[in-house]
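Fold and contact review
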Amino acid sequence: MIHLTVASIVPIALTILHVSALSPEITQPPTNGVTVDGKSVRIPCRVSGVPEPEVKWFKNGQELTAGRYRILESGDLEIDNVHFGDAGTYRCNALNKFGSEEASGNLEVKEHTTITDEPEDYEVAAGSTATFRCNAVTDLSLSLIIDWLRNGERIDFGTEQRFIMANDYSLTITKTIDSDSGTYTCVARTELDEAKAEATLMVQNVPEAPRLEVVMCDIHEANVQWVPTGDNRAPILRYTIQSKTSLNNDTWVVIKDDIPATAQNYTVPLTPWVEKAFRVLAWNKIGVSLPSQSSEACVTPPDVPHMNPKNVRAAGTNPHNMVIRWTVMPRTDRNGPGFKYRVFYKRDADGAEWTVTDINNWKLHKLQIDNLPTYQRYKIKIIAINDLGESRIAANEVFGYSGEDVPQQAPGNFTLLNVTGSTSALFSWSPVPEKSIRGKFRGYKIQTWTDKNTDENITEIHVNKDRTRFLFQKLVPFSKNYVRILAYNKRYYGPPSDTLSFETPEGVPGMVQSFDADPLGSGALNLTWAKPEHPNGILTGYRIYYETVSGTDLGPIREMRPSVTDPEATSVELHGLLPETTYRIHIRATTRAGEGEQYFIERSTDGPDTEDYYDE
């Protein structure tokens, strides 16, 4: 902003007439001055005389008496909130009974400096970049300078290498650190005035490491207590407790996450026969703090196991064995020295007794039992044991089976009851005895093939084990079909039944292999296609339909007449069409069984001025 000061005012050359020693005398006349709108300004007029002269001020011949104009005791004129209309010549008049004297000076008013683009408060993660923007306008006759202050002190861009002011006066701070936080002020100034705008930078960092106060241990749990030591301008969102033992090579593992930010203690369970230390970490939106110092280790005495192995299951890998499997129990669940697994199994039958096997190596997770009868059900349970005794928890009993073998019997009386269509036929059979399956009875497989693809390309359909009739609907039309059935268990297919063979009647054809159309002038299209890959009978020709297309709307569908009755045909001309019109054209091959699957395309005719390229 531009400041008007007495020192900057150039005196006006005035002619002062001395009437007498007692008459008024202007000792400091008004001066020419410059200011900006919106400021207050003082124009000097100091006088002497006896009696003391009365001072009056005039502008454009009109006396200034009140409002924004105030005559001070010194005689100076003060104008509040100067605006552009205040520019002009001001006359000071000093008057007493012995006479009067006057002098005048000019006041020029320029546009004040205004910040048009103010910096905004900024939150940034430490290490990233922050940018404050600032721009200003002032009177065209004045030179504008923009400076930046940090916490009231001018920034020295020569020594502050991370601070950069661009050509657009924006301030960029790279690789921000905690101490960059503070108030940043944009100062836009001229020789007459200045304008300021400020914003706050908050450099946020991960929290300070919490201070671990105490860990109170007993046999079953530990209470971890801590206090926060600082959030680094980003509120703490949650805490994490980690622990380590001598058993995991001093690796810290998370035992509790998402502890509320309001908490300063948390109780975690302890297992027997363990030495466990703890530490705490704090999180905010920037990230995770360094960990607190480690606690002294909590030491718990051994105890019997508190659980048994999980995921116990059993199945055979050949017809005469059973493999019992489980999940290895970790060190933290073994609770004491001398740990082992005690495996129990017995036939699921009245009077059967448990067979018991101890597995002394805790790393093992399976036991294979050989020389068992095929596919028999067994009860299995596994108990965890250490030198202090068996687990307090009763072991769950699960069922498993010895291995499966190939089913022994094919379904009997496999019969074709009726050919119901070109792709379907109804079959029946006698069920196989459950014992002959020698495994988990999964059901039946009906297999079919034709004399064209042999049994190397078999189509299979699964049929539930309680069915004795089935409508098979994946036969090949107009072909000799072969069909057989077999039973199967979880691992093996049984022997197949006798193979039935029969002819299927004609069916409707599949779609043509390709279809295209080219314009023949403005009123016709030349249609070409390739025969269906699967005629499913004896082709009798093709039927062609067409309809107009306008956006998403379709016109009424029409059939081309006459139909194509030559089964060897692969092209035809479609006449009677409108010029410059899009058509959807459908083609279906036919047999005596009817029309087959459709194939359609969309093509357009030429305009009426297009010259036909085919011979008339």
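Look up a bit, the structure's there.
Residues numbered from 1 in each chain as written. Predicted model: local features only at pLDDT ≥ 70, side-chain atom pairs only at ≥ 80, totals over all residues. Heavy atoms only, no water.

1. Focus: the packing of aromatic side chains
Under the criterion given, the structure shown has 18 aromatic pairs. Seen in terms of ring centroids, Tyr375 and Tyr401 are 4.6 Å apart; in terms of plane orientation they differ by 15°. Their pairing is stacked. On the criterion of sequence distance, the pair formed by Tyr375 in the loop between β33 (366-370) and β34 (377-386) and Tyr401 in strand β36 (residues 398-401) is long-range, its members being 26 residues apart. Using a relative accessible area of 21% as the deciding quantity, one classes Tyr375 as partly exposed. Relative to Phe427, the ring of Phe414 has its centre 5.5 Å away and its plane inclined at 20°; by these criteria the two rings are stacked. Taken together, the residues span a long stretch of sequence, with Phe414 in strand β37 (residues 412-419) and Phe427 in strand β38 (residues 425-430) at a distance of 13 residues. Residue Phe414 is classed as buried on the basis of its relative accessible area, which comes to 10%. Accessibility expressed as a relative area gives 0% for Phe427, which makes it buried. These aromatic residues form a ring-pair network of at least three members: Tyr122, Phe132, Trp148, Phe163 and Tyr184. When the ring centre of Tyr69 is taken as origin, the NZ or CZ atom of Arg68, which lies over that ring, is 5.3 Å away. (Phe/Tyr/Trp six-rings, centres within 6.5 Å; stacked < 30°, edge-to-face > 60°. Helix = DSSP H or I, 4+ residues; strand = E, 2+ residues; numbered from the N terminus. Buried < 20%, exposed > 50% of the residue type's maximum accessible area, 1.4 Å probe, protein only. Lys NZ or Arg CZ within 6 Å of the ring centre and 35° of its normal.)

2. Here we look at a negative patch on the surface
Judged by side-chain charge, Asp117, Glu118, Glu120, Asp121 and Glu198 come together as a negatively charged surface patch. Mapped onto the fold, Glu198 is located in strand β21 (residues 194-204). (Patch = residues over 30% accessible without salt bridge, like charges linked within 9 Å, V, L, I, M, F, W, Y side chains within 5 Å. Areas by Shrake-Rupley, 256 points an atom, 1.4 Å probe, with all protein chains shown as cover. Salt bridge = Lys/Arg side-chain N within 4 Å of Asp/Glu carboxyl O. Lys, Arg positive; Asp, Glu negative; His and termini not counted. Charge placed at Lys NZ, Arg CZ, Asp CG, Glu CD.)

3. What about the state of the cysteines?
Tallied over the full model, the rule gives 3 disulfides. Between the sulfur atoms of Cys134 and its disulfide mate Cys186 the distance is 1.9 Å. On the sign convention where negative is left-handed, the bridge of Cys134 and Cys186, at about -70° about the S-S bond, is left-handed. On the criterion of sequence distance, the pair formed by Cys134 in the loop between β14 (130-132) and β15 (135-137) and Cys186 in strand β20 (residues 182-189) is long-range, its members being 52 residues apart. Classification of Cys134 by relative accessible area gives buried; the value is 1%. Among the residues examined, Cys186 registers a relative accessible area of 0% and is labelled buried. In the protein chain, numbering the disulfide-bonded cysteines from first to last in sequence yields the connectivity 1-2, 3-4, 5-6. (Disulfide = S-S within 2.5 Å.)

4. Observations regarding the pattern of salt bridges
Tallied over the full model, the rule gives 34 salt bridges. Between Glu102 and Arg91 there is a salt bridge, and its shortest N-O distance comes to 2.9 Å. Remark: Arg91 occurs in strand β10 (residues 88-96) and Glu102 occurs in strand β11 (residues 99-110); sequence separation between them is 11 residues. For Glu102, a relative accessible area of 42% gives the class partly exposed. One connected set of salt bridges, linked through shared partners, spans Arg42, Arg46, Arg70, Asp76 and Glu78.

5. Concerning the sheet that holds strand β29 (residues 313-315)
Judged by pairing direction, the sheet is antiparallel, and its 3 strands sit side by side in the order β29-β30-β33 without closing on themselves. In this open sheet, the two strands that pair with only one neighbour each are β29 and β33. Direction aside, the axes of adjacent strands within the sheet are offset by 15° on average. Pairing of strand β30 (residues 321-325) with β33 involves 5 bridges; the strand directions are antiparallel. Residue pairing in the sheet places Asn321 in a bridge with Asp370 of β33. (Pairing = 2+ DSSP bridges. Axes fitted to C-alpha atoms, helices over the stretch in contact; angles between N-to-C directions.)

6. So, the pairing of strand β16 (residues 145-150)
With 6 bridges joining them, β16 and β20 adopt antiparallel strand pairing. Across the sheet, residue Asp147 finds its bridge partner in β20, namely Val187. As paired strands, β16 and strand β17 (residues 153-154) are joined by 2 bridges and run antiparallel to one another. Note that in β17 the partner of Leu149 across the bridge is Arg154.

7. Digging into the side chain of Asp333
Here Asp333 shows up in helix α1 (residues 331-334). In this structure Asp333 is buried but unpaired, with Lys310 as the nearest side chain of opposite charge at 6.2 Å. Dropping the residues within four chain positions of it, Asp333 is found in contact with Pro305 and Met307. (Contact = heavy atoms within 4.5 Å.)

8. A few points about the pairing of strand β39 (residues 443-450)
Counting buried positions along β39 gives 8 out of 8 residues, so the element sits mostly inside the fold. Inspection of the sheet shows β39 paired to strand β40 (residues 459-463) by 5 bridges, in the antiparallel sense. Among the inter-strand pairings, Lys445 is bridged to a residue of β40, identified as His462.

9. Remarks on a positive patch on the surface
Together, Lys440, Arg442, Lys465 and Lys490 line one region of the surface with positive charge. Its place among the elements puts Arg442 in the loop between β38 and β39. The partly exposed category is assigned to Arg442, whose relative accessible area is 39%.

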